[in-house]
Each structure stands twice: as C-alpha cells, then as structure tokens.
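The primary structure of each chain is shown beneath.
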Amino acid sequence: MKRLALISLGLALGLTAPISQAQEYVIKFSHVVAATAPKGRAADLFAAKVNEKLKGKVRVEVYPNSQLYNDDKVMEAMRLSSSKTTGILAAPSLSKFVKLSSNLQAFDIPFLFDNMDDVHKLVDSPLVEKMTKPMESKGVKALTFWDNGMKVFSVKGDKPLRAVPDDFKGKKFRIQSSDVHEAMIRAMGGTPQKLPFKEVYTALGQGVVDGQENTWSNIYSKKFHEVQDYISVSNHGYLGYLLVVSSDFWNGLPEDIRNELTAILKEVTVEGRKFAAEADHEDRVAVEKAGFAKVVELTSAERKQWKAANASLEKQFASEIGEDLLKDIHKLLGN
Ligand code: LMR
C-alpha cells in the first residue's frame, strides 16, 4: 500500500525518473565447475567487482557446480530468456557451442595449439570475432574468452594410455558435447560417450566410462584422479571458455552500465589467465602428491603417434569450421 501511494505521489509530482533509476539489474552467473577452479575464481572476482562498483545498480549472483543449470540447459535458458532486468550469464567451454557457432569447433581440433601462447594468439586476434558472429542472430551475445588450460587424458586400468590405438581399444571415454572430440576418440581407437560435467565423477567411479580428458584444475577440483589409475600428459587440446549473456538483456542495459561491465570483464579476463596458469601448475602437483593416479609423460615418438592418428580430423571438419578460417588460424600460429 505504502509503495503504491509513493508511486502515485511520484507520478503526480512528475517524479518518475527517481523510481526508474532505482532499478537494480540482476545477473545470474551459472557455471559447472568448483568455485576454486580458475573459472569459479574468475566468476567470483567478477561478482565482487560488480557488486562493489555498481552497488545498487547491478547485482551478480554466482551459481557454481551446475547448481542452477548444466552447460546445455544454460544456453537454452539464455536463448529463451527475454527478461530485461534479470540476465543469465554463463561461461561454457568452447567445446559446447556447436549449435550456436560451428566455427568455434576449431578450438577442439587436437594438436592445433602447442601451448597457451598459441591459444592467446588466437583469442587476442580479430579472428575470434568472425567465430562468434553467428551467435548474434541466435539471441546470445559473446563477451570475452576465459582460460582454463591444456587437457590431459586419464584412465582406469592396468596401464597408462601411451600406444595409439592399442591402449584406447575397448575403452570408453567421457567427452564433452563436441563432435570433434567424438571423432578424436574414435580416431585413437576408443569409444566416446558424451556426458555432462556433473556426471563425470560418478561415471568414472562406477565404471560407466573408463577414462576422460580434462585440465589439471578440473581433474583435481572434481577428484577425478581419485577414481583413475593413470594420467598421460598429452596436452593434446585446449579447454577454454566463452562468456555469453542473453542479448535481449545485454542490449537493454543502460549504456553506462554496459560500459562499466565491459571494463570489469576486461580486468577479470587478465586476472583469470593468471588463475588458470597457477592452477595448471599447482593442481598437477597436488594430483601427483595425492598419489591416486600415476602421472606419465608421453615420449616424443608416442606424441607423434597421437598426432598422426588425429591428422585427418581437421579436413573432416573443415567445411563446418570454414576452410578460410582454418587457413587464417594456421597463418597466425605459424603451423
Ligand atoms: C567439461 O565438461 O569437462 C568442462 O567443460 C567443464 C568446464 O566447464 O570446465
């Protein structure tokens, strides 16, 4: 009653502006990893900065560990959301975007990047704008790229994954929802199974799958190493993220708020790279120290074998990714 009376008084006095200025926008940041993983830390830092700098204007709530949505559901929710006041923000891994932009599958090509410097060359180049453009017509706005790291392979059994295809034969591997990953596991002789991140630990523990590929921080924070016998340091591919938000929400924000959020995201992206680099080293050490899974390095001959097994994948996906885009990426990386 009181609020109604105040609003009527405001209207009568022509004071509509102060009422609309009191609008607080809410951003629900949904992600699937632990709060201690690089993405979790970056999400919390983003929330802390926004909640301090834009207090009363924007409030960020972070939902880790697939509490709110898993990655496939969050994209759907984002696309369907038309709210101008509550926005859904997420940072799914680049391997989960095929429905929104098939160009982004380039990030999944095994052995495309030698290391994180190569990855940064690409994500800091104008080529990524081409790669995210197809999303614009699908209600999703791409904001920035966040790091995780290079992936390694883990497996349960009596020997590590070294020889291709022999050590992959007869084994089932959990993969993200990526067709390139599916083709990669087949090329190496194994059987792929797409599963949401939330189900991986149980699937490994119960023997639904024998192995998986992921970064050190995801393996350590979700305890995958506790239910695996070996980890092969393959660094065969990259796992990173694209921060996305519903376009209706983003485009409807007042320009000054959008600019503030963009500036904060830029700062957090820089910090996030540091979180990822730290975790990549520290979580590997922690996995080795824990003593559950034994960590093995591949010899250069084995690495060559893994590369050779995957050599035809790029061609297989070239028309979906874009022949010209792939050429430009190779030119940029000098490989
Ligand atoms: C996975 O599904 O393995 C990863 O995409 C999880 C993540 O967000 O790092």
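Before going further, it helps to spend a moment on the pairing of strand S3 (residues 86–90). The buried count for S3 comes to four of five residues, which makes it a mostly enclosed element. Bridge analysis of strand S1 (residues 25–30) against S3 gives five bridges, and the strand direction is parallel. Bridging from a neighbouring strand, phenylalanine 29 pairs with leucine 89 of S3.

Bringing the site of the ligand into the picture now. Close contacts around the ligand come from Val32, Val33, Lys39, Ser93, Lys96, Arg174, Gln176, Phe197, Asn214, Asn218, Leu239 and Tyr241, and that covers them all. A distance of 2.8 Å is found between an oxygen atom of the ligand and a side-chain nitrogen or oxygen belonging to asparagine 218. At 2.5 Å, a side-chain N or O of tyrosine 241 approaches an oxygen atom of the ligand. Taken by itself the ligand offers 270 Å² of open surface, and the protein chains cover 100% of this. Considering only residue class, the shell around the ligand consists of five nonpolar, four polar and three charged.

A few words now on the side chain of lysine 96. Residue position: lysine 96 is located in the loop between S3 and helix H5 (116–123). Looking at lysine 96, the relative accessible area reads 13%, which means it is buried. A polar contact of 2.6 Å, which involves the side chain of lysine 96, links it to the side chain of aspartate 71. Ignoring anything within four residues of it in the chain, the contact list for lysine 96 reads Asp71, Met75, Gln176 and Ser177.

A separate point is the packing of aromatic side chains. Throughout the structure, instances matching the rule amount to 13 aromatic pairs. On the numbers, 6.3 Å between centres and 45 degrees between planes, the contact of phenylalanine 107 with tyrosine 238 is tilted. Here the residue phenylalanine 107 occupies a position in the loop between S3 and H5, and tyrosine 238 occupies one in strand S10 (residues 238–246), the gap between them amounting to 131 residues. Since its relative accessible area comes to 1%, phenylalanine 107 is described here as buried. Measuring from ring centre to ring centre gives 5.7 Å for phenylalanine 153 and tryptophan 306, while their planes differ by 70 degrees; the resulting arrangement is edge-to-face. Separated by 153 residues along the polypeptide, phenylalanine 153 in strand S5 (residues 152–155) and tryptophan 306 in helix H12 (residues 300–309) bring together distant segments of the chain. The exposure classification of phenylalanine 153 matches that of tryptophan 306, with both residues buried.

Reading the values: the criteria
- Residues numbered from 1 in each chain as written.
- Predicted model: local features only at pLDDT ≥ 70, side-chain atom pairs only at ≥ 80, totals over all residues.
- Heavy atoms only, no water.
- Buried < 20%, exposed > 50% of the residue type's maximum accessible area, 1.4 Å probe, protein only.
- Helix = DSSP H or I, 4+ residues; strand = E, 2+ residues; numbered from the N terminus.
- Pairing = 2+ DSSP bridges.
- Near = heavy atom within 4 Å.
- Polar contact = N/O pair within 3.5 Å; in protein donor to acceptor, adjacent residues only side chain to side chain.
- Areas by Shrake-Rupley, 256 points an atom, 1.4 Å probe, with all protein chains shown as cover.
- Nonpolar A, V, L, I, M, F, W, Y, C, P; charged D, E, K, R; others polar.
- Contact = heavy atoms within 4.5 Å.
- Phe/Tyr/Trp six-rings, centres within 6.5 Å; stacked < 30°, edge-to-face > 60°.

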